[in-house]
Amino acid sequence: MVLTRSKKRVTKSQTPPSNKAEKPQALALKRKAEKPQPLASKKGAAKSQKTPPLKKQKKEEVVEEDPLEIDEEEVSDDAASTDVESEESDDGEDGSNGFFSDDDGEENDILRDDFLEGSGDEEEHSGSGSGSDSDSDEDDIEKESKLIDEAEAKEEADAEAELLDFNKEAGDDAFRLPTEEELEEEARGPPDLPLLQTRIKEIVRALSNFSVLRPNGASRKDCLEQLKSDIASYYGYNSFLIGALFELFPPVELMELIEAFEKQRPTTIRTNTLKTRRRDLADVLLNRGVNLDPLSKWSKVGLVVYDSQVPIGATPEYLSGFYMLQGASSFLPVMALAPKENERIVDVAAAPGGKTTYVAALMKNTGMIFANEMKVPRLKSLTANLHRMGVTNTIVCNYDGRELPKVLGEKSVDRVLLDAPCSGTGVISKDESVKVSKSLEEIKKFAHLQKQLLLAAIDMVDATSKTGGYIVYSTCSLMVAENEAVIDYALKKRSVQLVKTGLDFGQDGFVRFREHRFHPSLNKTKRFYPHVHNMDGFFVAKLKKMSNMKQASEGDDEALGTVDEADVPSDGDDDDDDEAEAMDEMEKPSVPKKQPKKAKESKEGLAKSKENKKGKKDKKSKSKSALKIKKQRKSKTEVRMEIAQAREEKRRAIREKSKEKQ
């Protein structure tokens, strides 16, 4: 309708191009002015503003310059004309073009206002619709994600339920404890290893989730007893050691430990920094066909050897002392000791010399090291390794470790390294005889010896040392009686405290074990296991001596020694017997003193004339007894000499016996 009306008016006007010709350029100008304005401003401007007359003149002039544009727009399609006229209504012209009357202008204003308001409502509605669409999309995404999560949770629950059902069915059908008749039949013949292996696996699986996989009519105790007997017969352990290991580890971890004992630990070597560097040594060995890698981040001198085309213990580099064949666990006590240069250090049990040479390398051949070894046959390997590795600051000595405080003196050294003799339950992969040779009595003997050695090591250390005052205690045993119990005993008997070992890995020591309760600081000790750290089982503790005073009296230590020292072979027992015999001989001369008193009592009825003679005899007897006492005092030195000679003879006899056994 508007289209037909405008066309009629265009035909009646004298200047027909003025209405349509002004559309393209006027629209372009108005669009540029209206682009940055919001929708609300467009509405207000359309209702309030009116175009000035100058704008009409400019539009007419522009139209007069281009009279040919009418034909172009008449040729255009109806859609284009409708778009242009709708844009005209948006431009806000208030009937000022001269072709419309005032009434028409008012009508156009009303139509324009309605159109603009309608368009604004539509835009607002479209905007709110887009916002609602985005919200609905987010809601849909959240709903979908929740549905997915619920579906996954349901699948997991179904899988767990199915697994439990399967385990129950498998447990009911496939596994049951053998009866007594079946066990008797198995005992009659040779052990059925495949049957034992499958039964061990099934029992371990049942114990891991006993409430669900419990065999019919079997208690947990029955399963444990059967598992112990099966492991003992399959792997060759005695009942004592299996029971002790079951007290330390749960069944699943115990099986990992036993399997680790069946495999050899990696071959490791330690670079001798007195002669070479690890990088140079690795290059030389690689050229010789040795496949190796650095040991780990915690060691700067260790190398692990995977395989070798040449004997690793017979290369020119080994004979030249460039490296030492040494287990990775043997690095740990020396690293915990952390020796400094120009210190006095004692290695109580030094053979074969791996730890001693490592200490010398860290000290750069300065200071002094006392390498003690009680067993004479092991002195050869100790001295040979010291010479081969180029160590020049070490003194080799052959004493019982319990006598070292008397030999070297108390409070005479800065640090002591005690790698105590032990049961060897952590190195079963090296010595399989440990499986059947250890018993409770032997563990007690080792524990008693370790306590004595540790107290002697503490007595040698000077608490006032500026750089030292430390004792490192280590064993290759897993038994609590040889590790935590020994350290707890030393904490009670001497003025020492546990400090951190300086090792970043390893499991903390036990603060409580079954019915035993140890000092809380024992969590600073470190335990190492084959199945966890891929090295021999080891225990390391570091003590700091706080005072040179002894908390416990010597009588307590002697009483402790008299109870169990008879079971531990040592020279101290014979020495104590010799000293006891000497003391008995010293007490014998006191007997003649009592005889004159008895003679006086028996002769009370004699005449007074004989009293003077008796007095003279008494004086002579007193003088003679005094001379005897003097002679006896002089003979004390002779007795001591005899005791010393007896000790030397017994030591020689022991050495000769050991040589004959070899």
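Description of the structure in this document. (Residues numbered from 1 in each chain as written. Predicted model: local features only at pLDDT ≥ 70, side-chain atom pairs only at ≥ 80, totals over all residues. Heavy atoms only, no water.)

A word on the overall build of the protein chain. Across its full length, the protein chain carries 27 helices and 15 strands. When the 662 residues of the protein chain are sorted by exposure, 39% land in the buried category. Put simply, 74% of the contacts in the protein chain that link residues at least 6 apart link residues at least 24 apart. Total accessible area on the protein chain stands at roughly 38,900 Å², and carbon and sulfur atoms take up 52% of it. (Helix = DSSP H or I, 4+ residues; strand = E, 2+ residues; numbered from the N terminus. Buried < 20%, exposed > 50% of the residue type's maximum accessible area, 1.4 Å probe, protein only. Contact = heavy atoms within 4.5 Å. Areas by Shrake-Rupley, 256 points an atom, 1.4 Å probe, with all protein chains shown as cover.)

Let's shift gears to the environment of serine 465. Mapping serine 465 onto the fold places it in the loop between α21 (440–460) and β9 (470–475). A relative accessible area of 13% means that serine 465 is categorised as buried. Polar side-chain contacts of serine 465 include one of 3.1 Å to the backbone nitrogen of glycine 468. (Polar contact = N/O pair within 3.5 Å; in protein donor to acceptor, adjacent residues only side chain to side chain.)

A separate point is the pairing of strand β8 (residues 415–419). A large share of β8 lies buried, amounting to five of its five residues. Residues Arg415, Leu417 and Asp419 line one face of β8 and the alternating positions Val416 and Leu418 line the opposite face, and both faces are buried. Of the pairings in the sheet, the one linking strand β5 (residues 344–347) to β8 comprises three bridges and is parallel in character. Looking across to β8, one finds that isoleucine 345 is bridged to arginine 415. Here β8 runs beside β9; their pairing, made up of five bridges, is parallel. What sits directly across from arginine 415, in β9, is tyrosine 470. (Pairing = 2+ DSSP bridges.)

Pairing is antiparallel across the open sheet formed by four strands, whose spatial order is β2-β3-β1-β4. This sheet does not close on itself; its edge strands, each paired only once, are β2 (290–294) and β4 (323–325). Each adjacent strand pair in this sheet contributes to an overall mean axis angle of 35 degrees, direction not counted. In the sheet, β2 pairs with strand β3 (residues 302–308) via five bridges, with the strands oriented antiparallel. Note on β3: the bridge partner recorded for asparagine 291 is aspartate 307. Most of the contacts of helix α14 (residues 278–287) go to β2, to which it runs at about 155 degrees, and overall it touches β1 (267–271), β2, β3 and β4. (Axes fitted to C-alpha atoms, helices over the stretch in contact; angles between N-to-C directions.)

A few words on the pattern of salt bridges. Throughout the structure, instances matching the rule amount to 18 salt bridges. Arginine 277 is the salt-bridge partner of aspartate 280, the closest N and O atoms lying 3.3 Å from each other. Between lysine 438 and glutamate 442 there is a salt bridge, with its nearest N and O atoms 3.3 Å apart. With relative accessibility at 24%, the residue glutamate 442 sits in the partly exposed group. Counted as one network, the salt bridges with shared partners bring together Glu186, Arg199 and Asp230. (Salt bridge = Lys/Arg side-chain N within 4 Å of Asp/Glu carboxyl O.)

This paragraph deals with a positive patch on the surface. There is a patch of like positive charges on the surface, built from Lys380, Arg652, Arg655 and Lys659. For the positive patch, the element with the highest residue contribution is helix α27 (residues 609–661), accounting for three residues. Secondary-structure assignment places arginine 655 in helix α27. Note on arginine 655: relative accessible area 36%, which makes it partly exposed. (Patch = residues over 30% accessible without salt bridge, like charges linked within 9 Å, V, L, I, M, F, W, Y side chains within 5 Å. Lys, Arg positive; Asp, Glu negative; His and termini not counted. Charge placed at Lys NZ, Arg CZ, Asp CG, Glu CD.)

Turning to its location among the elements, glutamate 317 is positioned in helix α15 (residues 316–319). Reaching out from glutamate 317, the side chain makes a polar contact with the side chain of arginine 288 at a distance of 3.0 Å.

Helix α13 (residues 251–261) packs onto helix α11 (residues 220–235) with a crossing angle of 5 degrees between their chain directions and a minimal axis gap of 13 Å. By the angle between their axes, α11 is roughly parallel relative to α13. Note on element contacts: α13 touches α11 through Pro251, Met255, Ile258 and Glu259, opposite Leu224, Leu227, Ile231 and Tyr235. By residue class, the composition of the contact of α11 with α13 is seven nonpolar, no polar and one charged. (Parallel < 35°, antiparallel > 145°, perpendicular 65-115°, else oblique. Nonpolar A, V, L, I, M, F, W, Y, C, P; charged D, E, K, R; others polar.)

Summed over the entire model, instances satisfying the criterion amount to eight aromatic pairs. An angle of 65 degrees between the planes, with centres 5.9 Å apart, marks the rings of phenylalanine 331 and tyrosine 358 as edge-to-face. Of this pair, phenylalanine 331 sits in helix α16 (residues 331–337) while tyrosine 358 sits in helix α17 (residues 354–363), and the two are 27 residues apart along the sequence. Across the pair, exposure class does not vary: phenylalanine 331 and tyrosine 358 are buried alike. Centroid distance phenylalanine 505 to phenylalanine 528: 5.2 Å. Interplanar angle 65 degrees. Geometry classified as edge-to-face. Here the residue phenylalanine 505 occupies a position in the loop between β10 (494–499) and β11 (507–508), and phenylalanine 528 occupies one in strand β14 (residues 526–528), the gap between them amounting to 23 residues. What links up through ring pairs into an aromatic cluster is the set Trp298, Phe331, Tyr358, Phe505 and Phe528. It is lysine 451 that lies over the ring of tyrosine 489; its NZ or CZ is 5.0 Å from the centre. When the ring centre of tyrosine 470 is taken as reference, the NZ or CZ atom of lysine 544 above it lies at 4.6 Å. (Phe/Tyr/Trp six-rings, centres within 6.5 Å; stacked < 30°, edge-to-face > 60°. Lys NZ or Arg CZ within 6 Å of the ring centre and 35° of its normal.)

Bear in mind that shape data such as this cannot, by itself, settle questions of function.
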